[in-house]
Amino acid sequence: LKDETIVVGAHYDHLGYGGRGSLAPWTKDIHNGADDNSSGTSALLEIAQQLVSRKTPSRRRVVFIAFSAEERGLIGSARYIQEPLFALEKTIAMVNLDMVGRMRDRKLSAMGTDSSSGWRPILDPLATLHEIDVSAGGDGYGPSDHMSFYGKGVPVTHFFTGSHSEYH
């Protein structure tokens, strides 16, 4: 399995100063992006730390990518797809972390899980173990970096804890 790649990604850009596309289009006040998407990039870093701290290394290559320009049209992930570090034919999954910082009532959305029959056998037991209500399903199309990978045939899932009044 050492030649297979799993990509774990999150975008680190955000809308910044309100305006068009934000929930406050009338203002140019700073919007720090704490949940969209500092929460995703923080989760990405924590997962990387946990993985490298394991006594038993992963049997597959895991690539962690913090993408830029997701808010401007998936530019960073589209660029990676054009010039991948490892062959896309050997990329067996992409896990996208976007707005994962506001879990309420132990509910998590796992979008894109219909892109592979392998997602549910992984997610369902973990959801039961950790008592999380996971809403899973859908193809890999959607407004975040996983879509760039899905467009090239890579199975994807996009973890998301829901929108809220402080989004953008």
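Source: prediction; values computed, not measured.

## Brief notes about the overall build of the chain
Alright, step 1. The helix and strand inventory of the chain stands at four helices and six strands.
Alright, step 2. Listed by position from the N terminus, the elements making up the chain come as β-α-β-α-β-β-α-β-α-β.
Alright, step 3. Against the compact-globule benchmark of 15 Å for 168 residues, the chain has a radius of gyration of 16 Å, which places it among compact chains.
Alright, step 4. A principal-axis box enclosing the C-alpha atoms of the chain has dimensions of 50 × 40 × 30 Å.
Alright, step 5. Put simply, 77% of the contacts in the chain that link residues at least 6 apart link residues at least 24 apart.
Alright, step 6. Distance between charge centroids for the chain: 6 Å, based on 17 positive and 20 negative side chains.

## As for the side chain of Thr5
Alright, step 1. Mapping Thr5 onto the fold places it in strand S1 (residues 5-11).
Alright, step 2. You can call Thr5 buried: its relative accessible area is 0%.
Alright, step 3. A distance of 2.6 Å separates a polar atom in the side chain of Thr5 from a polar atom in the side chain of Arg61.
Alright, step 4. Discounting chain neighbours no more than four positions away, the residues touching Thr5 are Arg61, Val63, Phe86, Lys90, Thr91, Ile92 and Ala93.

## Some words on a nonpolar patch on the surface
Alright, step 1. Taken together, Ile122, Leu126 and Leu129 make up a surface patch of nonpolar side chains, about 310 Å² in accessible area.
Alright, step 2. For Ile122, the position within the fold is in helix H3 (residues 119-129).

## Digging into unusual backbone geometry
Alright, step 1. Residue Arg106 is not a glycine yet carries a positive backbone phi of 55°.
Alright, step 2. The residue Arg106 is located in the loop between strand S3 (91-97) and strand S4 (107-111) in this model.
Alright, step 3. Although it is not a glycine, Glu131 sits at a positive phi angle of roughly 55°.
Alright, step 4. Along the chain, Glu131 falls in the loop between H3 and strand S5 (133-137).

## Some thoughts on the pairing of strand S6 (residues 156-160)
Alright, step 1. Along S6, four of the five residues are buried, which leaves the element largely enclosed by surrounding structure.
Alright, step 2. Relative to S6, S4 runs antiparallel, the two being bridged by three bridges. The partner of Met111 across the bridge, within S6, is His158.

## Some words on the environment of Gly21
Alright, step 1. The residue Gly21 is located in the loop between S1 and helix H1 (34-53) in this model.
Alright, step 2. As a C-alpha pair, Gly21 and Arg72 span 51 residues in sequence and 10 Å in three-dimensional space.

## Focus on helix H2 (residues 75-82)
Alright, step 1. Those residues of H2 not exposed but buried are Gly76, Ser77, Tyr80 and Ile81. Looking down the long axis of H2, one finds its buried residues gathered within 140° of arc, a one-sided arrangement.

Calculation notes
Residues numbered from 1 in each chain as written. Predicted model: local features only at pLDDT ≥ 70, side-chain atom pairs only at ≥ 80, totals over all residues. Heavy atoms only, no water. Helix = DSSP H or I, 4+ residues; strand = E, 2+ residues; numbered from the N terminus. Rg over C-alpha atoms; globule rule 2.2 N^0.38 Å. Contact = heavy atoms within 4.5 Å. Lys, Arg positive; Asp, Glu negative; His and termini not counted. Charge placed at Lys NZ, Arg CZ, Asp CG, Glu CD. Buried < 20%, exposed > 50% of the residue type's maximum accessible area, 1.4 Å probe, protein only. Polar contact = N/O pair within 3.5 Å; in protein donor to acceptor, adjacent residues only side chain to side chain. Patch = residues over 30% accessible without salt bridge, like charges linked within 9 Å, V, L, I, M, F, W, Y side chains within 5 Å. Areas by Shrake-Rupley, 256 points an atom, 1.4 Å probe, with all protein chains shown as cover. Salt bridge = Lys/Arg side-chain N within 4 Å of Asp/Glu carboxyl O. Pairing = 2+ DSSP bridges. Arc of directions from axis to C-beta.

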